[in-house]
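Residue strings, one per chain:
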Amino acid sequence: MSEAYDVIVIGSGAGGGTLVRHLAPSGKRILLLERGDWLAREPQNWNVHDVFVDNRYISPDTWYDADTAKAFQPQVHYFVGGATKLYGAALYRLRAEDFGELRHHDGISPAWPIGYDEMEPYYTLAEQLYQVHGARGEDPTEPPASAPYPFPAVSHEPRIQQLADDLAAAGHHPFHAPCGVMLDEADMPYSRCVRCSTCDGFPCLVHAKSDAEVLGVRPALEHANVTLLTNARAVALKTNSAGTAVTEIEVEREGSPETYSADIVVVACGAANSAKLLLASANDKHPNGLSNGSDQLGRNYTFHNSQAVLALSKEENPTVFQKTLGLNDFYFGSDDFEFPMGNIQMVGKSQADMYRGEKPLETKLAPQRTLESMARHAVDFWLSTEDLPRPENRVTLDRDGNVRLSYRQTNEEPKQRLYHELKGLLKHAGMQPDHLIPRHAYLKTAIPVAGVAHQAGTCRFGADPATSVLNTSCRAHEVDNVYVVDTSFFPSIGAVNPALTAMANALRVGDHLLERMGVPRGEASPA
């Protein structure tokens, strides 16, 4: 048996990495387990072919589509910092209305057991910790905020500014997207971020992206009471004989079995893998998985009904850092469609080799100069429509312990409506007519469930143990010392990127844990 800790956190991404930073100043003995390693700083970080064609940083995991039994490689990343190492750093708050019940085309998006007002101060703190750049007051759907963004919005480059001006002239409300980058446009010689074209979907070679390694784990490790173990995969959680508390964590570390113990265990492995760990921890007291008396563990998997598209500008688009504009005018519907449609935002500027990585068969015979010409004129968008939680959309394990994912999309009609709304907007924005092209960004495989970047929902929290896995503090209903702080806890996913909500909730749960451990307020403010 290894040393016992006060807290063990499993997973170092948006939830786990943020939580560890928040707890670090408490002086409590904290162990952070990460199944991956540090992501190497190397020239390949910024090489399009390495990242998008060779999938250099994607995990070698194999999951299975439960409907077809076909194996697929999920687009997941196991590194210190988790999925944030390659995310686009779009750090949106959910809308206030997303915390209540919303009627959608395909059904009901359920209310959260807490309101936006309870999450708001933690959104503000998360924006400060992750150095978010943005501008209040531009987006009519934005929720109330108790403080301005800590840094000014990232400016639009000329072609995107022209697009913003065209949209505004047509009566729409484009806004500067909230970006987590360490950029100082007023003093670029001293700016950590160099505003390059290799941000969205790439690791940041200069550590200028606001990811959970750089702004969560590294600051936490400055405290002597925090220990990080890499290449350490949690295999199972073992309980006491009554099944009321976890007493040991079984870990496979660099191929060898080890065990660790802590007063409090926090699971933050990502929605699918957190469900996998709790399901794999079944025992006599928890025969269907740890804290699964509700039969909700692994259910209600969501991951946004998204599409990446590119428009072809009549003039070349020389934009380098493109991810600066968003539009939520159709988030809750339109005059001729009463149901929510979702969010429109820019994505990183596409490059020729990305098309080969995303659609290898279709581009195999295309001359490089044709793809390069397309890339020079491309203006790239990401459209997200809310995916509704369904009990039958779920994570289960096969007899060998592999993830089996049952998933069918919801809200296809609003997704198509949002696409056509964008297409209509671009007719008057200097784009080629009838050239809004699906990009299938970052999805090399044709299996739609492989794109799991925005996965959520497998351990939903709630006040009723009969219908949820976690209580409102994100503690397992049936196991007193187990918490979950990744996006698994989401009862619904909204239509904006989930990372900031995971970060904010980790801070909220962190305050609860500090109180539970008897740490006086003010003695554990983040470093």
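Quick caveat: nothing in here was measured; it's all calculated off a predicted structure. (Residues numbered from 1 in each chain as written. Predicted model: local features only at pLDDT ≥ 70, side-chain atom pairs only at ≥ 80, totals over all residues. Heavy atoms only, no water.)

**Focus: the overall build of the protein**
Formally: Here a strand is any run of E in DSSP of at least two residues, a helix any run of H or I of at least four, and the numbering for each starts at the N terminus. C-alpha atoms define the radius of gyration, and 2.2 Å times the number of residues to the power 0.38 defines the globule rule. Only protein chains enter the area calculation, which uses a 1.4 Å probe; residues under 20% of their type maximum are buried, those over 50% are exposed, and those in between are partly exposed. Between two residues, a contact is recorded if the distance between any of their heavy atoms is within 4.5 Å. Accessible surface is estimated by sampling points in the Shrake-Rupley manner with a 1.4 Å probe; for residues, cover comes only from the protein chains shown.
The helix and strand tally for the protein stands at 11 helices and 22 strands. Its C-alpha atoms give the protein a radius of gyration of 22 Å, within 12% of the compact-globule value 24 Å for 527 residues. In terms of overall dimensions, the protein has C-alpha extents of about 70 × 50 × 45 Å along its principal axes. Within the protein, the proportion of its 527 residues that are buried is 60%. When contacts within the protein are restricted to residue pairs at least 6 apart in sequence, long-range pairs at least 24 apart make up 73% of them. Counting only carbon and sulfur atoms, one obtains 49% of the accessible surface of the protein, whose full area is about 20,000 Å².

**Overview of helix 3 (residues 116-129)**
Formally: By this rule the span expected of a helix is its residue count minus one, scaled by 1.5 Å.
Taking 1.5 Å per residue, 14 residues should reach 20 Å; helix 3 reaches 19 Å between its end C-alpha atoms and fits that length. Buried-residue contacts for helix 3 involve helix 1 (16-23), strand 7 (132-134), helix 5 (213-221) and helix 11 (499-516). Positive phi appears at Gln131, one or two residues downstream of helix 3, with a value of about 50°.

**A word on the sheet that holds strand 10 (residues 179-180)**
The cut-off we apply is this: Strand pairing is assigned whenever DSSP detects at least two bridges linking the two strands.
Strands sit in the order 8-7-10 across an open sheet of 3 strands; the sheet is mixed. Because the sheet does not close on itself, it has two edges, and the strands there are strand 8 (151-152) and strand 10. Two strands pair when backbone bridges link them, and strand 7 and strand 10 are joined in this way by 2 bridges, in the antiparallel orientation. Note that in strand 10 the partner of His133 across the bridge is Cys179.

**Here we look at the environment of Asn300**
Threshold: The definition of a polar contact used here is a pair of N or O atoms within 3.5 Å, where within protein one atom must be able to donate a hydrogen and the other to accept one, and adjacent residues in sequence count solely through side-chain atom pairs.
Relative to the helices and strands, Asn300 resides in the loop between helix 6 (271-280) and strand 15 (305-313). The spatial distance from the C-alpha of Asn300 to the C-alpha of Asp387 is 10.0 Å, given a sequence separation of 87 residues. A polar side-chain atom of Asn300 sits 3.1 Å from a polar atom in the side chain of Gln296.

**Description of the sheet that holds strand 19 (residues 394-397)**
We count it as follows: Axis definition: a line fitted to C-alpha atoms, over the contacting stretch in the case of helices. Angles run 0 to 180 degrees between N-to-C directions.
On the basis of which strands lie adjacent, the open sheet formed by 4 strands has the order 4-3-20-19 and mixed pairing. Edge positions in the open sheet fall to strand 4 (71-72) and strand 19, since each of these has one partner strand only. In this sheet, strand 20 (residues 403-406) lies alongside strand 19 in antiparallel orientation, the contact comprising 4 bridges. For Arg394, the partnering residue across the bridge sits in strand 20 and is Ser406. Strands strand 3 (63-65), strand 19 and strand 20 of the sheet are contacted by helix 6, whose axis makes an angle of about 40° with strand 19.

**So, helix 10 (residues 412-426)**
For the record, the criterion: By arc we mean the arc of the directions from the helix axis to the C-beta atoms, nothing more.
For helix 10, which comprises 15 residues, the first-to-last C-alpha distance of 22 Å matches the rise-based estimate of 21 Å (1.5 Å per residue) to within 8%. Within helix 10 the residues assigned to the buried category are Pro414, Lys415, Leu418, Tyr419, Leu422, Leu425 and Leu426. All buried residues of helix 10 lie within an arc of 145° about the axis, which places them on one face of the element.

**Thoughts on the state of the cysteines**
Here a disulfide denotes one covalent bond, and it connects the sulfur atoms of two cysteines. As a reminder, the rule being used: Cysteine sulfur pairs qualify as disulfides if the two atoms are within 2.5 Å.
Enumeration according to the criterion identifies 0 disulfides in this entry. Cysteine Cys459 remains unbridged, with the sulfur of Cys269 as its closest cysteine sulfur at 9.4 Å. On the accessibility criterion, Cys459 (0% relative accessible area) is buried.

**So, the packing of helix 1 against helix 11**
We apply this condition: Angle categories are assigned with fixed cut-offs, so that under 35 degrees is roughly parallel, over 145 is roughly antiparallel, 65 to 115 is roughly perpendicular, and the rest are oblique. In this scheme the crossing of two helices becomes right-handed for a clockwise turn of the near helix relative to the far one and left-handed for an anticlockwise turn of less than a right angle. All amino acids are sorted into three groups, where Ala, Val, Leu, Ile, Met, Phe, Trp, Tyr, Cys and Pro are nonpolar, Asp, Glu, Lys and Arg are charged, and the leftover types, Gly among them, are polar.
Where helix 1 meets helix 11, the axes come as close as 8 Å, and the angle between the chain directions of the two elements is 40°. Between helix 1 and helix 11, the angle is such that the two are oblique. Between helix 1 and helix 11 lies a crossing of right-handed hand. Counting all contacts with helix 1, which are made through Thr18, Leu19, His22 and Leu23, the residues of helix 11 involved are Met503, Ala506, Leu507, Gly510, Asp511, Leu513 and Leu514. Taken together, the residues of the contact of helix 1 with helix 11 break down into 7 nonpolar, 3 polar and 1 charged.

**Focus on the side chain of Thr198**
Structurally, Thr198 can be placed in the loop between strand 10 and helix 5. On the basis of relative accessibility, which here comes to 7%, the residue Thr198 falls in the buried class. Here the side chain of Thr198 touches Trp46 through a polar contact of 3.4 Å, side chain to side chain. If we ignore the near neighbours within four places in the chain, the residues touching Thr198 are Trp46, Pro203 and Gln351.

**Details of the pattern of salt bridges**
Short version of the rule: A side-chain nitrogen of Lys or Arg and a carboxyl oxygen of Asp or Glu constitute a salt bridge if their distance falls within 4 Å.
Taken as a whole, this structure holds 24 salt bridges when the rule is applied. A salt bridge links Glu120 to Arg93; its shortest N-O distance comes to 3.1 Å. One end of the pair, Glu120, is in helix 3; the other, Arg93, is in the loop between strand 4 and strand 5 (102-104), with 27 residues separating them in the sequence. On the basis of relative accessibility, which here comes to 10%, the residue Glu120 falls in the buried class. On the basis of relative accessible area, Arg93 is assigned to the buried category, the value being 4%. A single network of salt bridges, built from pairs that share partners, joins Lys85, Asp211, Glu213 and Arg218.

**Describing the nonpolar core**
Our working definition: Definition of nonpolar core: a set of buried residues of the types Ala, Val, Leu, Ile, Met, Phe, Trp, Tyr and Cys, connected through side-chain atoms within 4.5 Å.
Ranked by internal contacts, the top residues of the largest apolar core, which has 92 residues, are Ile10 and Leu237. Here this core gets 10 residues from one element, more than from any other, and that element is helix 11. Contacts of Leu237, omitting those with residues within four sequence positions, involve Ile10, Val246, Glu248, Ile249, Val265, Val267, Leu277, Leu278, Ser281 and Leu290. Core analysis: the second largest hydrophobic core is formed by 23 residues, Ile160, Leu163, Ala311 and Leu418 among them.

**Overview of the packing of aromatic side chains**
Threshold: When two rings of Phe, Tyr or Trp (its six-membered ring) have centres within 6.5 Å they constitute a pair, described as stacked for plane angles under 30 degrees, edge-to-face for angles over 60, and tilted for the intermediate range. Distance and angle both matter: a charge sits over a ring if NZ of Lys or CZ of Arg is within 6 Å of the ring centre and within 35 degrees of the ring normal.
Summed over the entire model, instances satisfying the criterion amount to 17 aromatic pairs. Taking 6.2 Å as the distance between ring centres and 80° as the angle between the ring planes, the aromatic pair formed by Tyr92 and Phe175 counts as edge-to-face. With Tyr92 in the loop between strand 4 and strand 5 and Phe175 in strand 9 (residues 175-176), the pair connects residues that are 83 residues apart, well separated along the chain. Look at Phe303 and Tyr407: their rings are 4.9 Å apart centre to centre, the planes differ by 70°, and that puts the pair in the edge-to-face class. One end of the pair, Phe303, is in the loop between helix 6 and strand 15; the other, Tyr407, is in the loop between strand 20 and helix 10, with 104 residues separating them in the sequence. You'll find Phe303 and Tyr407 in the same group, each marked buried. The rings of Phe99, Trp112, Tyr116, Tyr123, Phe461, Phe489 and Phe490 are connected pair by pair, giving a single aromatic cluster. Residue placement shows Arg35 over the ring face of Tyr78; its charged tip is 3.9 Å from the ring centre. One cation-aromatic arrangement involves Arg95 over Tyr331; the distance from NZ or CZ to the ring centre is 6.0 Å.

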